[in-house]
Amino acid sequence: LRAPSPRAMAASSTAPRPGRLIDSLDEAASALRSGRLVAFPTETVYGLGADAFNEASVASIFTVKGRPRSDPLIVHVASAGAAEALVRLGPGGLELMRRLTASFWPGPLTLVAPAVPELPSAVTSGSGYVGVRVPEHALARELLQRAAVPV
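Residues numbered from 1 in each chain as written. Predicted model: local features only at pLDDT ≥ 70, side-chain atom pairs only at ≥ 80, totals over all residues. Heavy atoms only, no water.

Trainee: Quick rundown of helix α2 (residues 55–65)? Include the residues and the values.
Mentor: Buried within α2 we find S57, V58, S60, I61 and F62. Buried-residue contacts for α2 involve β3 (37–41), β4 (46–49) and α5 (121–124). Following α2 by one or two positions, G66 has its phi on the positive side, about 65°. (Buried < 20%, exposed > 50% of the residue type's maximum accessible area, 1.4 Å probe, protein only. Helix = DSSP H or I, 4+ residues; strand = E, 2+ residues; numbered from the N terminus. Contact = heavy atoms within 4.5 Å.)

This is the structure in structure tokens:
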């Protein structure tokens, strides 16, 4: 298998239109922070990402992909600490999350927990729960670190 090219696609979040190929992670990170969508590789799939706190950008993922709004999104983050900032867990749940993340992240494990109220309901499809993970793919992690937003 050939590794994916270190490229990403960026598109406007305000109206579906063809994106353009970009070779700069800094440009892709900037696109995310400015509300645009970016396609990027993970170890399991190519994902279409947006700043998870930008409600309009999140909504555009559903529009562009034709994804049912009842199908919640997985939020990718650069670190376990960033994931903890997206969930509401008591001490026991937080301890379990930390044990799991120490053993399995970065990697394809998605943890589901109650979401912080600031996260747009479109991300959780109104369930109040969010799936979070730190991808193993080096390009995805670098993009997440540079963007400094959950995607």
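Trainee: Got a sec to walk through unusual backbone geometry? Specific residues and values, please.
Mentor: The amide bond that connects W105 to the next residue, P106, takes the cis arrangement and shows omega of -5°. In this fold, P106 is placed in the loop between α4 (91–104) and β6 (111–114). The backbone of S125 sits at a positive phi, close to 55°, despite the residue not being glycine. Mapped onto the elements, S125 comes out in the loop between α5 and β7 (129–133). You can call S125 partly exposed: its relative accessible area is 23%. A positive phi angle is found at A148, which is not glycine, with a value near 60°. Note that A148 resides in the segment after α6 (138–147).

Trainee: Give me the pattern of salt bridges: which residues, what numbers.
Mentor: Taken as a whole and assessed by the stated rule, the structure comprises six salt bridges. Across the pair E43 and R133 runs a salt bridge whose closest N-O atoms are separated by 2.6 Å. Of this pair, E43 sits in the loop between β3 and β4 while R133 sits in strand β7, placing them 90 residues apart in sequence. A relative accessible area of 28% places E43 in the partly exposed class. The closest approach of N and O atoms between E95 and R99, which form a salt bridge, is 3.6 Å. Separated by four residues within a single helix, E95 and R99 lie in helix α4, roughly one turn from each other. A single network of salt bridges, built from pairs that share partners, joins D26, E142 and R146. (Salt bridge = Lys/Arg side-chain N within 4 Å of Asp/Glu carboxyl O.)

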